[in-house]
Amino acid sequence: MGDVTVLIGTTKGVFLLEGGARREGWKVSGPHCGGWPINHVIGDPETGRIWAGGGGDWCGAGVWRSDDGGESWTCSRMTQGMMDDWAANDPDFAAMIGWTEEPLPFGHDFSQVWSLHYAHGVLSAGTKPARLLQSHDGGETWAKVTGLSEHPSAESWQPGAAGLTLHTILSDPDDPARSWLGISAAGVFATEDGGATWDRRNRLSNAQACDDHDHPATPRDGEIGHCVHNMVLAPGGGERLYQQNHHGVWRSEDGGRSWEDITRGLPSTFGFPVRVHPRDPDTLWSFPLNGDMQGRFPPDAAAAVWRSRDAGATWQAMREGLPQEACFFTVLRQAMGGDNHDPAGVYFGTNSGSVFASLDEGETWQEIARHLPTVLAVEVLDRR
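Residues numbered from 1 in each chain as written. Predicted model: local features only at pLDDT ≥ 70, side-chain atom pairs only at ≥ 80, totals over all residues. Heavy atoms only, no water.

Colleague: Tell me what's going on with the pattern of salt bridges, and back it up with residues and numbers.
Modeller: Within the structure shown, the criterion is met by 21 salt bridges. One salt bridge connects Arg 65 with Glu 140, and the closest N-O pair in it is separated by 3.4 Å. Remark: Glu 140 occurs in the loop between β10 (132–135) and β11 (143–144) and Arg 65 occurs in strand β6 (residues 60–66); sequence separation between them is 75 residues. You can call Arg 65 buried: its relative accessible area is 15%. Notably, a salt bridge pairs Arg 131 with Asp 109, separated by 3.4 Å at the nearest N-O pair. Here the residue Arg 131 occupies a position in the loop between β9 (122–128) and β10, and Asp 109 occupies one in the loop between α2 (91–97) and β8 (112–119), the gap between them amounting to 22 residues. Taken together, the salt bridges that share partners define one network made up of Asp 172, Arg 178, Glu 192, Asp 199, Arg 201, Glu 239 and Arg 257. (Salt bridge = Lys/Arg side-chain N within 4 Å of Asp/Glu carboxyl O. Helix = DSSP H or I, 4+ residues; strand = E, 2+ residues; numbered from the N terminus. Buried < 20%, exposed > 50% of the residue type's maximum accessible area, 1.4 Å probe, protein only.)

Colleague: Let's hear about the nonpolar core: which residues, and what values?
Modeller: Nonpolar side chains tend toward joint burial in soluble globular proteins. Phe 287, Tyr 347 and Phe 348 are the most contacted members of the largest nonpolar core, which has 33 residues in total. Elements represented by at least two residues in this core include exactly β1 (4–10), β2 (13–20), β20 (270–276), β21 (284–289), β25 (346–349), β26 (355–358), β27 (366–369) and β28 (375–382). When neighbours within four sequence positions are excluded, Phe 287 is seen to be in contact with Gly 271, Phe 272, Pro 273, Pro 298, Ala 303, Ala 304, Val 305, Phe 329, Val 331, Met 336 and Phe 348. Core analysis: the next-biggest nonpolar cluster, separate from the first, contains 17 residues, Ile 38, Val 41, Ile 50 and Ala 94 among them. (Core = buried A, V, L, I, M, F, W, Y, C linked by side-chain atoms within 4.5 Å. Contact = heavy atoms within 4.5 Å.)

Colleague: Go over the side chain of Arg 23 with me, naming the residues and quoting the values.
Modeller: Here Arg 23 shows up in the loop between β2 and β3 (27–32). Reaching out from Arg 23, the side chain makes a polar contact with the backbone oxygen of Leu 359 at a distance of 3.4 Å. (Polar contact = N/O pair within 3.5 Å; in protein donor to acceptor, adjacent residues only side chain to side chain.)

Colleague: Explain the pairing of β28 to me, using residue names and the numbers behind them.
Modeller: Of all 8 residues in β28, 8 are buried, a share of seventy percent or more. As defined by bridge partners, β1 adjoins β28 across 7 bridges and the pair is classed as antiparallel. Looking across to β28, one finds that Val 6 is bridged to Val 380. (Pairing = 2+ DSSP bridges.)

Colleague: So what's going on with the sheet that holds β27? Residues and values would help.
Modeller: The strand order across the open sheet formed by 4 strands is β24-β25-β26-β27, and the pairing between neighbours is antiparallel. Strands at the two margins of the open sheet, each flanked by one partner only, are β24 (336–338) and β27. On average, each strand axis in the sheet is tilted by 30° relative to the strand beside it, whichever way the strands run. Strand direction decides the pairing type here: β26 and β27, joined by 3 bridges, are antiparallel. By the bridge assignment for β27, Phe 356 is matched with Glu 367. (Axes fitted to C-alpha atoms, helices over the stretch in contact; angles between N-to-C directions.)

Here you go:
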């Protein structure tokens, strides 16, 4: 198998964890990307190119790119931030940061890039507020996918606690016309015509799933709830999707046209990330938290990654190597990644700055980095 690099997006830039082909002796480098807040980092296993998306009120939104394994980076800025307003009125500050009056392509249209996805030669980016952008030149220039922003339901979309964020982008590995999006809190959207039109897919497969719930984010009106936190496409060429919603974990066998509740057996309905095995569509991992209003830390302050080997029919807590007392960290929606080795590796980062790894599909865990800034995203560049 190829060399493994864990790609870590944080509130203070990108960090890279190098583990080599043996996934050991982890070495950290960073911060990269000028210390920008980075919401998502991805890599291309064929070329080794890395992209990092983020930004904020100060710097505006943009996507950073490295073509040399993180040694150097360039930024494609998309929108203006406060620093542009300062620089426009202060020549000394403008000179200090190398600012020019060249207009940015999207003005003040959005403040952050929240998600990235690369497939079929196209780099996609999701933003806050929710827009979908695409680049056909590796991230140098971008165009808005108007089929989504002009969706008939767009004016009714409501933000989640983190804002109206397009945080998940998935694509069919065999058909470039088919892809799925997760927007908090507008739900799941799918296209089968390359983004020209989008179908909103939040329907329950069983109306009885609405029973016995009183939380504001519970299923109602025949839908599972629009506050999707994270979503993955299972391998194998089918249409199976898994999602962690604000209230429960769900599975779809038909590309999101209907959803089954698979939360039973987990210690809570609340959490952020979900991860699926790179080869086995029945194996997935979740990181439940005690609740949205109870502190958002592991139940009983004891960390566990919960694994299912049967597509969510049953769940098992995987705790070995994870803190079992006084554990109050949070694992955010994009902060769980995985490699393609055999056995598959699973990695997650915490808001307390640690990164944990399991090299045996969740059986045991080790802390491979600590004292980083708040971890917002974890992905893996698994070089072929």
